[in-house]
Structure formats: structure tokens, C-alpha cells
Amino acid sequence: VLKIGNLNTSGCCGRSRRSLLQAGALSAVGIGLPDLLRAEAAQEDSAPARSVILLWLWGGPSHIDTFDMKPNAPVEYRGPYRPVATSVPGLDICELLPKLAGQAHLYSLIRSLNCSSNDHGIAGTIGLTGSDRGGVSLGGQVQAGLLEPTHGAVVSRILGASPLLPRFVSIGDSLHQGHKAISGEGGGRLGPIHDPFAVNYLPSHGVRIPNLELMDELQPGRIDNRRQLLNQLQKLKYAADASPSMDRLDAFYQQAFSMLTTGESQHAFNLDDEADTTRRGYGRFRFGQCCLMARRLVEQGVRFVQVNWSAHVEPVEDTGDGGWDMHDRHFQQFQDRHAWMLDQSLSALLDDLNERGLLSETIVVAVGEFGRTPKINGKAGRDHWHQCYSGLVAGGGLQSGQVIGASDALAEMPVHTPVTPADLFTTVLAQIGIRTPELTSAGLQPLGQVIEGLV
Amino acid sequence: MSLLQRTAMAGLAVVCCAPWNSCFADDLPVTFRKITNNGLFKQRPAWAPDGRAVVYAQHSNDAIQLYLLEFESGETRRLTDRTAPEYDAVYSPDGQSLLFAFDKTSPNQGDLEVYRLSMQSGELAAVAVTDGKLSHEESPCWAPNGKQLAFSSTKEGNQEIYTAAIDGGTWLRLTSDPAIDAHPAWSPDGTQIAFASNRWGDLEIAVMDADGSDLQRLTRTAGLDDYPAWSRDGQYLAFTGNRDGNFDIHVMRLADLSVTRLTTSPAIDNFPAWTSTGQIGFVSNRDDGFDIFVTVNWHPR
């Protein structure tokens, strides 16, 4: 039983597959189930925040149409939307985000984000790891250097693995541009053991856990007796023995199995436990329900949850699945779909966390890999713009009701307090207690500066 | 002749032979009937001229596909077997064809063109296309004579409104403004085209003659006004607007440009379309997911 609690990179790799699975079986049937998650929770620290929810707006939302409007810019720039007042005097955001406008006192906006690449793949790597090292462009060029771990992987590494619920969960399919996978979503040079535990929610299928898909019957709510459970475990052993990357799979299967066979873990994934009004409040579409699952996961102790808006940068019209990369038909898509979806789901998440007393200990970040050209292109769209874009940060004891940085009159360049993705997540990690000493002890280092105005 | 005179005359001609429009309700509550139920996101419903069916585009994960709902049978079916996105379908005046936005996808982008679909044979034919140029021809609508269409295109570097003959030929560009012009709707008498434009700031409804002349602004309210749709008698324009902070369906009486707010739900109401009996259909998430609703026994004031 104790072996479960020692599931970390070295421990996992040094342990036999069968012993892990046997431990999982014992746990699953309720014999001496270790409550190591609670033990971990007892490791109180003085960090202001406990958890992070990253809403990854893949494809690059337009900053000038959301959080950094320029109503006095020429028509070729400003677009058709007007700013509306928010709950913070003097702070305006887009009229298509009315619910978020009423919550501006809960969050800070950063209007001076910038990064060094306008390629989704490389900028995505920068946004998710703080560095372009190991990033892969659309054309396949790989940036020099070892791929850094993504922010959730850093949390996983520093805090150590947990047997019942992972430290780092990613909700949504893995990220792509041009239907090619990008890098930077996982453990990077820390190894795949710190990759996120991947789950997904599709309105048509409910919760999906890819690590367990080889066992169709093994899904939350479908394990109705111990005999069935043990039968499934036997299948799991065979599958595990046949797998070429077992060291990683051992841990994932173990964790996935525990998650599905213990009450607390099952509870986290069962959206049916939520009141209908709550589910409606988040929105019955995929992103909305994923935001709801994120709240449930941090409520159960997961420390870093990344919710991917989409798997592909491209909108449905451009062979994707609804991403923000709207080079054409930008305004139609933003107005008819993206804006209200983001407004509804993010505002519901902030409200829900706040009402449950969780917002004070949970940091919520909503950001993409870059912004979009302030000047409208010839196809009623906006192209990539990495020199200046916006992000939203709330909760976790961070300052709120303010704007960090500013852009010029056309939203093209920061005019003061430029902020990089590395700065943003150096700040976020510091707020949950992962600072320079903790990073260096794990062989890492801060890649940015703490944003003074946020802490 | 002024815009108001022309629209009033066009409306009068139709009112005389349209019994459903001969009486008006005053301050009666508007009721709505839900005609789809799966909650998936839908856009741009369009009623068949004979009122027997409605076509609409439905989103499901990574697909946008055209569907047809037949009222008598209650059956819903796809209209094509294409895998690439397709949407914004509108019926020809005789109900025998549809025009729609036809997406030709490449590895990471789409190229929109207007195609025609025969309702009888299922045959597809290109109507407004650009060869070798990635531009978007979309939001088609038929002229009431069935021989022309209006649509938007980005082929000349900005989204503008064009007309063309259904069977091909030269396009006529109607708008030339650095703003975005979108969603043309041809008047039932064939003389005018309404559309949405942000040339005055936010999106407003405008109208111009069918040759692009005499462009006039119809709405002047802060907020977005979009997706204009003519009533079949030509007296009213329905449109989506968020002037009250939320997207609702509004109806403008063209005789005096007065506007009535048809829907008041805190939900999103969008994509208005007139039915063959003068009711207004629209897409709304008032019942959780997105479905199509229709007014019941409603009459414009």
C-alpha cells in the first residue's frame, strides 16, 4: 500500500509493473486504501494560493476585440464592437463580454503581454513553458535547447506525485497547429512522468479518460462490483505488460485506476453530481463543462488544471475544432460563438469559485499564445500578433480590479510594463509557493520576473 | 421616391393579398414554439417558401453541416454527404434549390464559395467562386426573381456586398467602404438590399438600392444590429440586436423605422428568419442548448 504513495519519477521507474498494479487492485477493492492525498493536504505551507486553473485559449484571441479595445482607432483597426464599462471605474472591455464586465473587480487584466514568435507552435511552447526551447514551428523547425516543462509539470515535480488525484490534469485533447502536434504540453526535460493526466469532456460522450480507453467498460459509474473490477484489473495487467512505454504507463494506469475506483476521485469527474442550474450556468458546450470539471478537480485537491479551449488552433470553418485562429470570418465567429462562450464559462467559473470560497486560493488565468493583428486583414479577419496581447488573471490572493501594462493607441505595442509569458507564470508559481529555491532544488530556474503589480 | 415611400408601397401591395397580416395584436405576450431539441449550436434557419420545412446549419464538435427538418413527418436529415463545413443556406423563391456557403478545406484553412444545391437531385453547382484566390464568398441570398443572388466577398481585399447572376457572369460590387459589410438580404419587391455594416461605428442595419445606390442607415442605436431579414410583405425587417445588453430579436417597421423588441429572454436570441406564414423563427439558448424557436400567432405591430 505504501508503494502507492511513493509514486514519483524515480520510484515509479524502479518498481515492477505488477507490484504497482497489485497495489492498485488492493486499493481499488478497499483493502488498506492509503489516504495519502489527505496526508499531502496536511503539508500546509504559507503560499497565498493553492491551485491554478489555466484556461488556454488556443489559437490566439484578439486582444483589441476583448480586453484592450481602441474605440478611437480607425475603422480598419477598431472593428465593430464597442467597449462597455465594467465593475471597476475606468476599466472597459468588449460589449460581447457583459458577464465578465460585471466581475472586473475579481480579476486583473494584463495588456502588455508579448512573446518572441508569431508561430502557434513556438508561441504555444513559450506560453506553456516560459521558453521557446524545443518549440516546433508549423514548418517543423525545432528551436534549440532542451524542452522546458510546462507549468503544471513544474507543479507536479515540485509537489511530488499523488496516488489518488494527479497534481496536474489537462482537460481537452492535446494541442495542434496545422494538424501537427506542438511541444510544450508535458514534462519536457523532467520526463513524461510529469506529463498531465489527460481527461476530456465531449457533450456527446461525457467524460473521457484516454489512458483507460482500452478498457471500454472501465468508466466512472460503470464499475458496479468487485468481481467486475478485478476482471478489469486482469485486463489492465495484460495491457500493461504489452506496452512499450511501461514506466510511464504504470504510473498513469495506477493513477487512473485509483481515480476511477475511489469515491473522492470518481466524484471529481462526475459532472452529473452538479445541479442542473450549475451545469447550465457554465454552458452545456464542451469548454463550459470543462471549466466546471476544473473547479471540481481543484476542489478535490488537484493543484494545476489546464483547460484547452480546443485541440486545434483553427476554427471549425478552417478544418479545426473551434480554435481562436480566425484569419477570416473573425467577427462573425467571435460574435456568434467565441465571445459568449468565453463570457459565460469564465464568468461562471469565477462566480462559482468565489461563492465556494475557493477563489482566494485558486488562481485563474485565461490567455492564449498571442493576440491578433490590430489592423483587420483583407478577409475580415485578424492575423497573428505576438508583440502585444492581453491576458486575464484572477484569484489566489493576486491583486484584482486593475490593469497591468498598457498598449499604444492601436494596440500594437506595449507602452509600459511589458510582460512575458515567463513573467506571468513565474508570478503564478511563486504565488502557490514555487519560487527560486524550490525551482533550483528541482534543477529548474525561474524564466521570468515576478510581476510586482500583481502580487 | 423616398425609401419610406417605396417600402410602404411594396408592403401595401403584399398586405392586400396576405390575410395573415391583416390584423395586429397590441401588447399581447409573445409565445414561442421550440421546433428542434438536440441543443447543438445552430445558425441561420431558413423556411421553405411552402412552409413545409426549415433548413439550418448545425455544429457538432468539428463539423458544421446543413440539415433539413420536414414539419409533416418530423424527420430531420442532412442535405449533403460532404465532410467539409457548409452553412448559411437559403431557399430559392420556387423552393427548388438552396444557395449556401460551401467550404473547400485545405490542411489548415478553408475557402468559402457559394454553391447551389438542387433539392430534387441533390446536385451541386458552383455559383460564386474565385479561382486561385483564397477569398470568402458567403451569406448568399436570392433575388425575388430567382435569377440573381447577393452575397459578401473578400476577393478585393475587404468584405463587401456583391450581386451576380445565378448562372454566372460578372459580379457587381455594391459597397466600397473600409468597414465590414455583411449579411445581405434582398427585399421582396427586388428593389433593395439590406445589410449590416460597421461603417458608422458598431454594426448597424443599412439599406441600398439593388444596384448599390442610395445607401441609407436604418438603425442608430448603440450596440450591434445584425442579420437583417425582410418580412415577405416587405414592410418589416427583423434583425438581431444587443442594444439592451443582450442579443434579442427586434422588428423594424419600415414605414416609420420604429423598432419593437420581439424577444426579452436573458438568453441569446439570434439569426431571425421569417416563416411562410409571417412568424419569426430564430436560434436561442433559452432552453439550455441552442435550438430553433418560432413565434406563435404573433403579428408585427
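The numbering scheme is per chain: residues are counted from 1 as the chain's sequence reads. Think of it this way: whatever chain is written first is A, whatever ligand is written first is 1, and the rest follow in order. Where local features are concerned, this predicted model is filtered to residues with pLDDT of at least 70; where side-chain atom pairs are given and counted, the filter is 80 or more; whole-chain, interface and lining totals use all residues. Neither water nor hydrogens contribute to the side-chain values; these are computed over all heavy atoms in the structure.

**Student:** Give me the pairing of strand E2 (residues 42-47) of chain B: which residues, what numbers.
**Tutor:** Residue and element names in this part refer to chain B. Residue exposure (1.4 Å probe, protein chains only): buried if accessible area is under 20% of the type maximum, exposed if over 50%, otherwise partly exposed. The helix count covers DSSP runs of H or I at least four residues long, the strand count covers runs of E at least two residues long, and both are numbered beginning at the N terminus. Burial runs high along E2: six of the six residues are buried. Relative to strand E3 (residues 53-60), E2 is paired through four bridges, and the arrangement is antiparallel. By the bridge assignment for E3, Gln43 is matched with Ala57. Strand pairing is defined by DSSP finding a minimum of two bridges between the two strands. Counting the residues in the hairpin turn of E2 and E3 gives five residues, including Gly51, whose phi is positive at 75 degrees.

**Student:** Explain the environment of Ala238(B) residue by residue, including any values.
**Tutor:** Residues and elements named next belong to chain B. Here Ala238 is to be found in strand E19 (residues 236-241). C-alpha separation for the pair Ala238 and Asp62, spaced 176 residues apart in sequence, amounts to 30 Å. When checking whether two residues touch, look at their non-hydrogen atoms; a contact exists if any pair is within 4.5 Å. In contact with Ala238, not counting residues within four places along its chain, are Tyr227, Pro228, Ala229, His250, Val251, Pro272, Trp274 and Ile280.

**Student:** Account for the layout of surface pockets, naming residues and giving values.
**Tutor:** Residue and element names in this part refer to chain B. Any residue with an atom within 4 Å of a point lines the site, the site being either a cavity, points on a 1 Å grid over the protein atoms alone where a 1.4 Å probe fits but cannot get out, or a pocket, an open set with protein on both sides within 12 Å along at least 5 of 7 lines. Grid points are joined across faces, edges and corners, and a volume is the space filled by probe spheres set on the points. Estimated volume of the second largest pocket: approximately 770 Å³. In terms of lining residues, the second largest pocket is bounded by 31 residues, among which Val90, Tyr91, Trp186, Trp230 and Arg232 are the most central. Contributions of two or more residues to the lining of the second largest pocket are made by E2, strand E6 (86-91), strand E10 (137-142), strand E14 (181-186), strand E18 (225-230) and strand E22 (269-274). Any residue that is not Ala, Val, Leu, Ile, Met, Phe, Trp, Tyr, Cys, Pro, Asp, Glu, Lys or Arg is counted as polar, Gly included; the first ten are nonpolar and the last four charged. Taken together, the residues of the lining of the second largest pocket sort by class into 25 nonpolar, three polar and three charged.

**Student:** Go over the pairing of strand E5 (residues 168-171) of chain A with me, naming the residues and quoting the values.
**Tutor:** All names here are of chain A. Burial along E5 is two-sided: Phe168 and Ser170 facing one way and Val169 and Ile171 facing the other are all buried. When E5 meets strand E8 (residues 197-202), the two strands line up parallel, connected through three bridges. Counted as the bridge partner of Ile171 is Val199 from E8.

**Student:** Describe the pattern of salt bridges, with residues and values.
**Tutor:** Residue and element names in this part refer to chain A. Here, a salt bridge means any side-chain nitrogen of Lys or Arg that lies within 4 Å of a carboxyl oxygen of Asp or Glu. Counting across every chain of the model gives 40 salt bridges over all chains. The closest approach of N and O atoms between Arg356 and Glu274, which form a salt bridge, is 3.9 Å. Taken together, the residues Arg356 in the loop between helix H14 (330-355) and strand E11 (362-367) and Glu274 in the loop between helix H11 (263-269) and helix H12 (276-282) connect sequence positions 82 residues apart. You can call Arg356 partly exposed: its relative accessible area is 38%. For Asp325, the salt bridge identified is with Arg372, shortest N-O distance 2.6 Å. Pair noted here: Asp325 is in the loop between strand E10 (304-308) and H14 and Arg372 is in strand E12 (residues 371-372), with a separation of 47 residues, a long-range link.

**Student:** Tell me what's going on with the sheet that holds strand E5 (residues 76-78) of chain B, and back it up with residues and numbers.
**Tutor:** All names here are of chain B. If you trace the four strands from one edge of the open sheet to the other, you get E2-E3-E4-E5, paired in antiparallel fashion. This sheet does not close on itself; its edge strands, each paired only once, are E2 and E5. Each strand of the sheet is rotated relative to its neighbour by a mean of 25 degrees, with strand direction disregarded. Inspection of the sheet shows E3 paired to strand E4 (residues 63-70) by eight bridges, in the antiparallel sense. The partner of Val55 across the bridge, within E4, is Leu68. Lines fitted to C-alpha atoms define the axes, with helix axes restricted to the stretch in contact, and inter-axis angles between N-to-C directions lie between 0 and 180 degrees.

**Student:** Mind laying out the environment of Asp65(A), listing which residues take part and the relevant values?
**Tutor:** Along the polypeptide, Asp65(A) turns up in the loop between strand E1 (51-56) and helix H5 (75-78). With 277 residues separating them along the chain, Asp65(A) and Leu342(A) place their C-alpha atoms 13 Å apart.

**Student:** So what about the packing of helix H13 (residues 286-299) of chain A against H14(A)? Which residues, and what values?
**Tutor:** Residue and element names in this part refer to chain A. Contact geometry for H13 and H14: axes closest at 9 Å, N-to-C directions at 20 degrees. Between H13 and H14, the angle is such that the two are roughly parallel. Viewed along their axes, H13 and H14 form a crossing whose handedness is right-handed. Residues Phe287, Gly288, Cys291, Leu292, Arg295 and Val298 of H13 lie in contact with H14, whose contacting residues are Leu342, Ser345, Leu349, Asp352 and Leu353. Split into classes, the residues belonging to the contact of H13 with H14 amount to seven nonpolar, two polar and two charged. Angle categories: roughly parallel below 35 degrees, roughly antiparallel above 145, roughly perpendicular from 65 to 115, and oblique for all the rest. Should the near helix be turned anticlockwise from the far one by less than a right angle, the crossing is left-handed, and should it be turned clockwise, the crossing is right-handed.

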